[in-house]
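Close look at the chain arrangement
Chain residues, written in single-letter form:
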Amino acid sequence: MKISFAEFEPPKSGAVIVGAYDGRVLTAPARRLDEATGGAVARAVAAAARFRGNKNELLPIVGPPGLPLSRIVVAGLGKADAVDARLLEDLGGNIVAHLNGAGETTAMLAIELDDGAKVPPAETAARLAFGAALRAYRFDKYRTKEKPENKPSLSALTVAAAAPDAARRAYRALGAAVEAVAFARDLISEPANTLYPETFADQAAQLSEVGLEVEILDEDKLRDIGMNALLGVGQGSARPSRVVVLQWHGGAAGAAPLAFIGKGVTFDTGGISIKPAAGMGDMKWDMAGAGVVVGLMRLLAARKAKVNAVGIVGLVENMPSGTAQRPGDIVRSLSGQTIEVLNTDAEGRLVLADVLWYCQDRFKPKLMVDLATLTGAVMVALGNEFAGLCSTSDELAERLLAAGSAVGEKLWR
């Protein structure tokens, strides 16, 4: 889907989305369309008994009179003083879903807030576009058959802005985030027969093109280093394990980096302690932590972030075979400590143990954040709304909680 920015002018075709505040108060673009349609917008709003202008409410007006449009959609914004960046992102995403469901191909999104709004005009347009772009993502490269009515129809979205150039500048960093998120989602969505440690490492190696320093450690190097805990997890697979080190040097020379560590089990059968068959196909997602770390490092480079950062991902495939690790085996980790393996489906902590030690020993980072699909039991405790957060730093935990709240990725310590 192509996204562009332009001054508001009722288009000659397609759909137009305008806003209404709580109490059915129309915004300026909505009032312009109301005049152009001889009051049809106001009449439709008044006739819709259950539309109040609350956030997330959508009121479609199909075939509006007086304009060559397929539809006008009035989007509820809620209370004017409560409209923030997060609400605008959600709205952009909801609009894309609605228009695809209606079969629209082109649309103009004209949500111009009143003077004094907490979100400036250029950022308003940028946040709407950001939410729309994220919602437009699909992983459909392997689809060979799909009914036309199930395919996304929206190919072009114009976001109205009083100063289009300023909106484009405001969107630049957000657009880079969209691309990085899509890159991570693509990695996570790939099946395990195409994405395994070697091919994942190959994907990461391509990020040297955006300015990252990339280093790939193969099994011989890992064995020389002493990453026996990580290698033990992957020894049952025909796919050799890898560790990828990504560095971004955007801060002061010599300053300690921020470090991000990702668990990258490209498929997790559980090993000898094999998982139940139900849900086994989902275990291609056990590398999601690594996917996020690689996507994050891509974004830091794309945005030329003024920070030093290192991202390290441990890539293994956990399979049962004649060479697989057994319950009761003892391995010596990179730190020199021995680990007795009681359950081979507790493999993530073995991978992270070696990679975390390697990171702190080599890079002496300012902080380390690891991301991992470490246990399904976290969903027993927290459900599907929150991710579990464990931290030895109160300050870092509070900053992560605040960041997660701001973008709708809720954490629970």
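The structure displayed is predicted, hence computed values, not measured ones. (Residues numbered from 1 in each chain as written. Predicted model: local features only at pLDDT ≥ 70, side-chain atom pairs only at ≥ 80, totals over all residues. Heavy atoms only, no water.)

Turning our eyes to something else, we now look at the side chain of E57. Secondary-structure assignment places E57 in the loop between α2 (40-47) and β4 (58-62). Buried and unpaired, E57 has no salt bridge, with R52 as the nearest side chain of opposite charge at 6.9 Å. Side-chain polar atoms of E57 contact the backbone nitrogen of G53, separated by 2.9 Å. Leave out the neighbours within four places in its chain, and E57 touches R50, F51, R52, V74, A75 and G76. (Helix = DSSP H or I, 4+ residues; strand = E, 2+ residues; numbered from the N terminus. Buried < 20%, exposed > 50% of the residue type's maximum accessible area, 1.4 Å probe, protein only. Lys, Arg positive; Asp, Glu negative; His and termini not counted. Salt bridge = Lys/Arg side-chain N within 4 Å of Asp/Glu carboxyl O. Polar contact = N/O pair within 3.5 Å; in protein donor to acceptor, adjacent residues only side chain to side chain. Contact = heavy atoms within 4.5 Å.)

Let us look at helix α3 (residues 85-102). Across its 18 residues, α3 extends 26 Å between first and last C-alpha, which sits within 8% of the 26 Å expected from 1.5 Å per residue. Of all the positions in α3, only A85, L87, L88, E89, L91, G92, G93, I95, V96 and L99 are classed as buried. Lining the buried residues of α3 we find β2 (15-21), β4, β5 (71-78), β6 (106-109) and α4 (121-135). Following α3 by one or two positions, G103 has its phi on the positive side, about 85°. (Expected span 1.5 Å × (residues − 1).)

So, on to the pairing of β2. In terms of burial, β2 is a largely internal element, 7 of the 7 residues being buried. A two-sided burial pattern is seen for β2, the buried positions comprising A15, I17, G19 and Y21 on one face and V16, V18 and A20 on the other. In terms of strand pairing, β2 meets β5 through 7 bridges, oriented parallel. Bridged to G19 within β5 is A75. Inspection of the sheet shows β2 paired to β6 by 3 bridges, in the parallel sense. Looking across to β6, one finds that A15 is bridged to A107. Two elements, β2 and strand β3 (residues 25-26), share 2 bridges in a ladder whose sense is antiparallel. Residue Y21 lies in a different strand from β3, and its bridge partner there is V25. (Pairing = 2+ DSSP bridges.)

A separate point is empty space enclosed by the protein. Scanning the model with the defined rule gives 1 cavity of 30 Å³ or more in all. Size it by volume and the largest cavity reaches roughly 50 Å³. Taken together, G232, V233, G236, G271, N318, M319, A324, Q325, T344 and E347 make up the lining of the largest cavity. Per-class residue counts for the lining of the largest cavity are 3 nonpolar, 6 polar and 1 charged. (1 Å grid on protein atoms, 1.4 Å probe; cavity = no way out; pocket = protein on both sides within 12 Å on 5 of 7 lines; lining within 4 Å. Points joined across faces, edges and corners; volume = space filled by probe spheres on them. Nonpolar A, V, L, I, M, F, W, Y, C, P; charged D, E, K, R; others polar.)

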